[in-house]
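# Residue-level structure breakdown
Below are the chains, spelled out letter by letter.
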Amino acid sequence: MKAIYQSTVGEGLTLTDTSYCPGCGHGIIHKLVMESIAELGKLGETIGVSPIGCSVVAHEYMNVEMCEAAHGRAPAVATGIKRVHPNHIVFSYQGDGDLASIGMTEIVHAAMRGEKFTTFFVNNAIYGMTGGQMAPTTLLGQKSTTSIDGRKKEISGMPIRVSELLATIDGAVYVERVAVNTPANVRKAKQAIKRALDVQQRKLGFSFVEFLSSCPTNWGLTPVNALKWVGEHMIPYYPLGIFKQPEEEK
Amino acid sequence: MSTNRVMIAGSGGQGIILMGKLLAYVAMEEGKEVTFLPSYGAEMRGGTANCSVIISDRPISCPVVHKADIVVVMNQPSFEKFESAVEPGGSLFLNSTLIKDPVTRTDIEIYKVDANKLAEDAGIGRSANIVMLGAIVRQTGIVKIENVTKALKKEFSGKKVVYLDANLLAFQAWKTG
Amino acid sequence: MAERVLMKGNEAFAEAAIRGGCRFYVGYPITPQSEIPEFMSHELPKRGGTFIQAESELGTINMSYGIGCAGGNVFISSASPGIALMQEGFSFLCSAEVPLVAMNVSRSGAGIGGIQPGQCDYNQVTRGGGNGDYHIPVFAPSTMQDAVDIIYESFEIADRYRNPVMILADGMMGQMMEPVVLPEPKTLYKDEADIANYKPWALTGSKGKANRNRIKSYHAHPAELEQYIDYLYEKYMRMEKELQRAESYHTDDAEIVFVAYGSMARIVREVLEVLRKDGIKAGMIRPISLWPFPTAPFEALNPEVTKVVISAEMSKGQMIPDIRLALKDRIPVKLFSRTGGIIPSTEEIVAFVKTLRKELK
Ligand SMILES: Cc1ncc(C[n+]2csc(CCOP(=O)(O)OP(=O)(O)O)c2C)c(N)n1
Ligand code: SF4
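Being a predicted model, the structure only gives us computed values, none of them experimental.

It is worth spelling out the domain arrangement of chain C at this point. Residues and elements named next belong to chain C. In terms of domain boundaries, chain C breaks down into domain 1 (3-195) and domain 2 (247-360). Taking only C-alpha atoms into account, the centre of domain 1 sits 28 Å from that of domain 2. Each partner contributes to the interface: domain 1 provides 28 residues, whereas domain 2 provides 25 residues. Here domain 1 and domain 2 share an interface that buries about 2,200 Å² over both sides, 52% of which is from carbon and sulfur atoms. Its largest share of buried area at the contact with domain 2, domain 1 owes to Gln119, Tyr122 and Ser142, together 33% of the area lost on that side. There are three salt bridges connecting domain 1 and domain 2. A salt bridge links Arg286 to Asp146; the shortest N-O distance between them is 3.2 Å. Of all the secondary structure elements, the ones that give two or more residues to the side of domain 1 that touches domain 2 are β6 (114-117), α6 (122-127), β7 (138-139), α7 (144-161), β8 (164-170) and α8 (171-175). Tallied by class, the residues present in the side of domain 1 that touches domain 2 amount to 14 nonpolar, nine polar and five charged.

When the parts of a complex come together, some accessible area is lost, and that lost area is often used as the size of the interface. Each side of the interface is counted separately: chain C has 24 residues, and chain B has 23 residues. With both sides pooled, the region where chain C packs onto chain B buries about 1,800 Å², and carbon together with sulfur makes up 60% of that total. On the chain C side of the interface with chain B, the three residues burying the most area are Arg4, Leu6 and Met177 of chain C, jointly 32% of the side's total. Joining chain C to chain B, the criterion identifies two salt bridges. Between Arg58 of chain B and Glu273 of chain C there is a salt bridge, with the nearest N and O atoms lying 3.1 Å from each other. Across the contact surface, chain C and chain B share nine residue pairs in polar contact (both at pLDDT 80 or more).

What follows deals with the site of ligand 1. With respect to spatial proximity, 21 residues lie near ligand 1, and among them His26, Asp96, Asp98 and Gly128 of chain A together with Glu57 of chain C are the closest. In this structure ligand 1 sits where residues from chains A and C come together. Note that an oxygen atom of ligand 1 is positioned 3.1 Å from one of the side-chain N or O atoms of Asn124 of chain A. In this structure, a nitrogen atom belonging to ligand 1 sits 2.5 Å away from a side-chain N or O atom of Glu57 of chain C. Coverage of ligand 1 by the protein chains reaches 97% of its 590 Å² of free accessible surface. Ranked by residue count, the leading element in the shell around ligand 1 is helix α4 (residues 96-102) of chain A, at three residues. Tallied by class, the residues present in the shell around ligand 1 amount to ten nonpolar, eight polar and three charged.

Quick notes on the rules
- Residues numbered from 1 in each chain as written.
- Chains lettered and ligands numbered in written order.
- Predicted model: local features only at pLDDT ≥ 70, side-chain atom pairs only at ≥ 80, totals over all residues.
- Heavy atoms only, no water.
- Domains from an automatic or database assignment.
- Contact = heavy atoms within 4.5 Å.
- Buried area = accessible area lost by both parts, 1.4 Å probe.
- Salt bridge = Lys/Arg side-chain N within 4 Å of Asp/Glu carboxyl O.
- Helix = DSSP H or I, 4+ residues; strand = E, 2+ residues; numbered from the N terminus.
- Nonpolar A, V, L, I, M, F, W, Y, C, P; charged D, E, K, R; others polar.
- Polar contact = N/O pair within 3.5 Å; in protein donor to acceptor, adjacent residues only side chain to side chain.
- Near = heavy atom within 4 Å.
- Areas by Shrake-Rupley, 256 points an atom, 1.4 Å probe, with all protein chains shown as cover.

This is the structure we're talking about:
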């Protein structure tokens, strides 16, 4: 019989059931990241940093050594780890509240210093863990518990495009935005992870992958409609693609 | 002088919190002292929700309910978790549409309420919580029926008024244990 | 009597702030207080105020410093780790004499800890995590009504002393619902133009003033800084005298006296009843102000009558040094503590007391 699906459980991922809601993008992204590291044969030489957000518990599921960081500070923590173990794969895994709000300073400065680790940035346009407040990435008109009539430009400004922002920084060598809303996009997301890890292993500078992801719980949508919403609302505002890559690969 | 401790548990979408709040609100309107305490945080993500309500003639010191005179369980996981929380001699109201396991305790009163089915019959499948509320109020007299009816009219007003009639039916759906 | 309304703690706190004179609210989501910013985001603008969601607690405290400098009455709220992040700001506001009302709906543990109720911010709020000789009055309500009343009053206290004021609640109080009577809304200043009259020190522009106002924290010369620190010290000593608040329950004949604040005080109140029914004379001192720590009720305790004092906390003895100082070590102090977000039951505390009495005999 031919296998049509090979589980990565027990390799890159642990056997633990996740605490994520049905239809949450975190699960898919965990799997892609850990599969990629496992395929490089580097699970034993990888150190990750989990954020404060729903994925604070990522270390329960990702089968590598990890630590938690205070809200927003993961890039500073990853900097410290990478300086001690320059030959290991080091990554931070962060949500959009964590990275683009409270932790904007740390991410910008890690990129500026050209830190040789990779950040996986999960943009679900909302604060998940705290129950659906507006994030810096919340779309105009999108309802949240602190913008019950929808986000308004006059009050909260326009949603921030983190990949485009980081791409302007010299030390950021690889920056790509992907989405995990369709099987085709999921495959592309994995390639992006691989390229980012390759840049890290070649010690070229800071690498960054942004994932457009779903939060059905706080969007008030079914899992299927949440994936549709990513395609219909997020991708038009947050275009997918590579914003920065090493010269020779262009 | 009396104090009633109520614990209500179920899954996220079952209207557990609304049931507790309605009970607390009606008790306050009746001039009683009352506290309402919901569970909060990551626990809810796993899909369970619970709340406790204390209704008393005198000031309530602590809103936390460790043991309750009235326990309401709306689904199987909360039945497993809270069957033991009923005070001996207390009442357990269980949603028999979703809970099939036998009750092991013999020192309590048990009321099986086919809540989802009765709600469907009333024309509003989502209102199993209101069916259950009707059952508790009718069986225990913890608050007055007519005051709950008044509160329901307030809750289902404005845009939600279209759901009023069905919810009033749901509230009356359960007749007897 | 005014109408009782059933409100969730966090929403009642926010409503009380609006009624007490809050015109600006700045906040950042954090459990178990997120209903405060949520409520403020839609209510405050309707009532003529301004809501700002900050990018972090660091943003929160510094935006609020700006609002305070400009004379606006500002309310902020957060929970334990968020308050920790604000400590630099609190130190700065105190040194610059800028008023503010802050609410801490505290949770449990150090670091990120857990989101269930805790009282382990005692040291953080009473000692302060910022640099310098500074103090912030901290009030710890134990019922929703207490909380509403003290928040309502706090804006005036903050303005009177030109100093931040902190209200310490916990996750249980923030999440629970209880009937409250809301006070009448009050107006501290009419409009923007009225700020200069209400707060002559505020930055409103020098037009029409004899001297332009400056608000500062930096002092280059040691002698000048020392003089300034002495001036502030004198103010803190005044606050220490004037702001002590506490309630005593059945302490006169009590062989055992609990010290408990906030949610813990609610539970202990029930414990007292049970113990007294069992013939054990127990009482309680409930500090309402945690800084300044109320000393009078402790001085009133008679070691001939009271054999032991129990600090009942959802922390690990953080209040004990204050109790011992207030008691001048005349009576031994024991700790009853649950942590991690666990709220103890009455039975558990009663059992603790019974065991303790056996040990003492
Ligand atoms: C200093 C501090 N402030 C606030 C919080 C509360 N908090 C926990 S998670 C979180 C944000 C979660 O949103 P996001 O980063 O978008 O991740 P998601 O949960 O959506 O995956 C916040 C604000 C905290 N833990 N610490
Ligand atoms: S709240 Fe949103 S981000 Fe968090 S686990 Fe649920 S779906 Fe995922």
